[in-house]
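Reading the structure
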Amino acid sequence: MSLTTWLAAGWLQSHKTSPAEIRDLWLIVARDLEDAASGGISADWQYGIAYNAALKLCTILLYAEGYKPAKGAMAHTRTLNALPHILGVKRQVDAEYLEGCRRKRNTVEYDYAGGATRAEAAELIAFGRELRAEILAWLRKKHPALAPE
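Cut-off values and rules
Residues numbered from 1 in each chain as written. Predicted model: local features only at pLDDT ≥ 70, side-chain atom pairs only at ≥ 80, totals over all residues. Heavy atoms only, no water. Core = buried A, V, L, I, M, F, W, Y, C linked by side-chain atoms within 4.5 Å. Buried < 20%, exposed > 50% of the residue type's maximum accessible area, 1.4 Å probe, protein only. Helix = DSSP H or I, 4+ residues; strand = E, 2+ residues; numbered from the N terminus. Contact = heavy atoms within 4.5 Å. Salt bridge = Lys/Arg side-chain N within 4 Å of Asp/Glu carboxyl O. Axes fitted to C-alpha atoms, helices over the stretch in contact; angles between N-to-C directions. Parallel < 35°, antiparallel > 145°, perpendicular 65-115°, else oblique. Left-handed = near helix turned anticlockwise from the far one by under 90°. Nonpolar A, V, L, I, M, F, W, Y, C, P; charged D, E, K, R; others polar. Expected span 1.5 Å × (residues − 1).

One finds Leu3, Ile60, Leu83, Leu98, Leu124, Ile135 and Leu139 to be the most contacted residues of the largest nonpolar core, which totals 44 residues. Per-element accounting of this core gives the leading share, 13 residues, to helix α3 (residues 43-64). Contacts of Leu83, omitting those with residues within four sequence positions, involve Cys58, Leu61, Gly88, Arg91, Asp94, Ala95, Leu98 and Leu131.

This is the structure in structure tokens:
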């Protein structure tokens, strides 16, 4: 399925973004990656904050391409699963990884404490940093007016 098919199915909505909106999301990513890595909080919270950074990075991709997830259930899943549709099939494994992260983050946020380890949080933080670099390069190439300075 393509993103246009998702739009037709009602899974996405058209969205006109702006450099200011992308900048604000970019600042959330920077804050969250820094806060997640700073320590002094539980591994669960580190993990959740790192997950939020990755989710915002995928949101930036969708917004830059002219879409946003439809409101309601599965918005996070659709945002994460758009990754290979935008950056290419090489990112399919990463979308699956992030879907697993979404489920774990929900567990540690809503069901019980202690479900994430420091190693898992560190892995997700490192993943977020790598994805941020790739998305910055992608923005500069494909949507230079939206790329943060």
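To continue, consider the environment of Glu109. With respect to the helices, strands and loops of the structure, Glu109 is situated in helix α6 (residues 92-111). In the structure, Glu109 is positioned 85 residues away from Asp24 in sequence and 25 Å away in space, judged by C-alpha atoms.

Tallying each qualifying case throughout the model produces 11 salt bridges. One salt bridge connects Glu65 with Lys142, and the closest N-O pair in it is separated by 3.2 Å. Linking Glu65 in the loop between α3 and β2 (67-69) with Lys142 in helix α7 (residues 118-142), this pair joins segments that are 77 residues apart in sequence. Under the relative-accessibility criterion, Glu65 is labelled partly exposed at 25%. Its relative accessible area of 45% is what places Lys142 among the partly exposed residues. Salt-bridge contacts for Glu120 lead to Lys104; the nearest nitrogen and oxygen are separated by 3.4 Å.

Moving on to the packing of α3 against α6. Running from N to C, α3 and α6 point in directions that differ by 140 degrees, and their axes come no closer than 10 Å. Compared by their axis directions, α3 and α6 come out oblique. The hand of the α3/α6 crossing is left-handed. Judged by residue contacts, Asp44, Trp45, Tyr47, Gly48, Tyr51, Ala54 and Cys58 of α3 engage Leu98, Gly100, Cys101, Arg102, Lys104, Arg105, Val108 and Glu109 from α6. A class-by-class count of the residues in the contact of α3 with α6 yields eight nonpolar, two polar and five charged.

What follows deals with α6. With 20 residues, α6 ought to run about 28 Å at 1.5 Å a step, and its terminal C-alpha atoms sit 28 Å apart, in line with that. What α6 keeps buried is the set Asp94, Ala95, Leu98, Glu99, Cys101, Arg102, Arg105 and Val108. Where α6 is buried, its residues meet α3, α4 (75-81), α5 (83-87) and α7.

Turning our attention to α7. An α-helix turns once per 3.6 residues; consequently, residues spaced three or four apart project the same way. Its 25 residues place the ends of α7 35 Å apart at the C-alpha level, agreeing with the 36 Å of an ideal helix rising 1.5 Å per residue. When α7 is considered as a whole, its buried residues turn out to be Ala121, Leu124, Ile125, Phe127, Gly128, Leu131, Ile135, Leu136, Trp138 and Leu139. The inward-facing, buried residues of α7 abut α2 (19-37), α3, α5 and α6.

So, about the environment of Met1. Secondary-structure assignment places Met1 in the segment before α1 (3-9). Sequence-wise, Met1 and Ala119 are 118 residues apart; in three dimensions their C-alpha atoms are separated by 34 Å. In this structure Met1 touches Trp6, Trp11 and His85, once residues within four positions along its chain are discounted.

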